[in-house]
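Residues per chain, in single letters:
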Amino acid sequence: MVRGILLAWIVVLSIAAASVHCEYYSRSTPYEPVRQHKTHLRFFLHDTLSGKKPTAVIVARANNTPKLNDPTPFGTAFAIDDPLTEGPELTSKVIGNAQGLYLSSSQDKNLTLVMYVDLGFTTGKFKGSSLSVFSRNPVTESNRELAVVGGRGKFRMARGFIKVKTSYLNTTNGDAVLEYKVTVVHP
């Protein structure tokens, strides 16, 4: 019994005497507010589902029977690589592209998409920069807004919104030209 008590004391003292050395490595700097810039952009997105070279293609479809002549049936996912242009004509100067996915997410007659799109700029002041959009897009509403949730390059840590207006929509094949008016705040 004495041996057991002695052994217990040795263990307790050994644990207490063992130095534990642990550091959390970090470096703190005083908070300095970052000057924010507000940027306004206006351009057009051309989403083409028809023809020999579509810019939006179906990558997944729900296992249901779609309505006849419905270019975007509920539960359908599209991959996109849409050109961004200065004007509404496809012959306008291309300033970038919208790459990503959208999903047809409404079961009623009001077409709604959920979008993840990277708006990448290939020319001009913002060449090499992009805006990240992740938002619900109620296509049939005349005044709609998309959320800008981030970006890269000159738009790193951007946040803001995009006012979307449909310039052209072919309800038979789903082709559309959309006017994007962007307002973002970024460092």
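Each value, and the rule that gives it
- Here, residues in each chain are numbered from 1, in the same order as that chain's written sequence.
- Since the coordinates come from a predicted model, pLDDT governs what is reported: local features require at least 70, and pairs of side-chain atoms require 80 or more to be given and counted, while whole-chain, interface and lining totals use all residues.
- The basis for every side-chain value is the complete set of heavy atoms in the structure, and neither hydrogens nor water enter the calculation.
- Only runs of H or I of at least four residues qualify as helices and only runs of E of at least two qualify as strands under DSSP, and these elements are numbered from the N terminus.
- Partly exposed describes any residue whose relative accessible area lies between the buried limit of under 20% and the exposed limit of over 50%, with all areas from a 1.4 Å probe on protein chains only and scaled to the type maximum.
- Two residues form a contact once any of their heavy atoms are found within 4.5 Å.
- All accessible-area figures derive from a Shrake-Rupley calculation using a 1.4 Å probe, and residue coverage is judged against the displayed protein chains alone.
- A 1.4 Å probe that fits into a set of points on a 1 Å grid over the protein atoms alone but cannot get out defines a cavity; an open set with protein on both sides within 12 Å along at least five of seven lines defines a pocket, and lining residues are those with an atom within 4 Å of a point.
- Grid points are joined across faces, edges and corners, and a volume is the space filled by probe spheres set on the points.
- By definition, a salt bridge exists where a carboxyl oxygen of Asp or Glu is found within 4 Å of a side-chain nitrogen of Lys or Arg.
- Planes of paired rings set the category: under 30 degrees apart is stacked, over 60 is edge-to-face and the rest tilted, where pairs are Phe, Tyr or Trp rings (Trp by its six-membered ring) whose centres lie within 6.5 Å.

Some points on the overall build of the protein chain
The secondary structure content of the protein chain amounts to one helix and nine strands. Taken from the N to the C terminus, the helices and strands of the protein chain come in the order α-β-β-β-β-β-β-β-β-β. By the burial criterion, 35% of the 187 residues in the protein chain qualify as buried. In the protein chain, once contacts between residues fewer than 6 apart in sequence are set aside, the share between residues at least 24 apart is 48%. Accessible surface, the protein chain as shown: approximately 12500 Å² in total, 58% of it carbon and sulfur.

A look at the layout of surface pockets
If you add up the space inside the second largest pocket, you get close to 170 Å³. Every residue lining the second largest pocket is listed: L41, R42, F43, E86, K93, I95, F121, T123, G124, K125 and F126. The element that contributes the greatest number of residues to the lining of the second largest pocket is strand 1 (residues 37-47), accounting for three residues.

Thoughts on the pattern of salt bridges
Tallied over the full model, the rule gives three salt bridges. Across the pair D118 and R152 runs a salt bridge, and its minimum N-O distance is 3.9 Å. With D118 in strand 5 (residues 112-121) and R152 in strand 7 (residues 144-152), the pair connects residues that are 34 residues apart, well separated along the chain.

Comments concerning the environment of M115
Relative to the elements of secondary structure, M115 occurs in strand 5. Overall, M115 belongs to the buried group, its relative accessible area being 5%. Placed 13 residues apart in sequence, M115 and Y102 show a C-alpha to C-alpha distance of 4.3 Å.

Overview of unusual backbone geometry
In this structure, M157 takes a positive phi of about 65° despite not being glycine. The topology assignment puts M157 in the loop between strand 7 and strand 8 (159-169).

What about the packing of aromatic side chains?
In total, this model carries five aromatic pairs according to the counting rule given. Between F43 and F121, the ring centres sit 5.7 Å apart and the planes meet at 80°, which makes this aromatic pair edge-to-face. One end of the pair, F43, is in strand 1; the other, F121, is in strand 5, and 78 residues separate them in sequence. The burial state of F43 is the same as that of F121; both residues are buried. Ring centres of F121 and F155 lie 6.0 Å apart, and the angle between their planes is 55°; this geometry places the pair in the tilted category. Note that F121 is positioned in strand 5 and F155 in the loop between strand 7 and strand 8, a separation of 34 residues in sequence. We classify F121 as buried; its relative accessible area is 6%.

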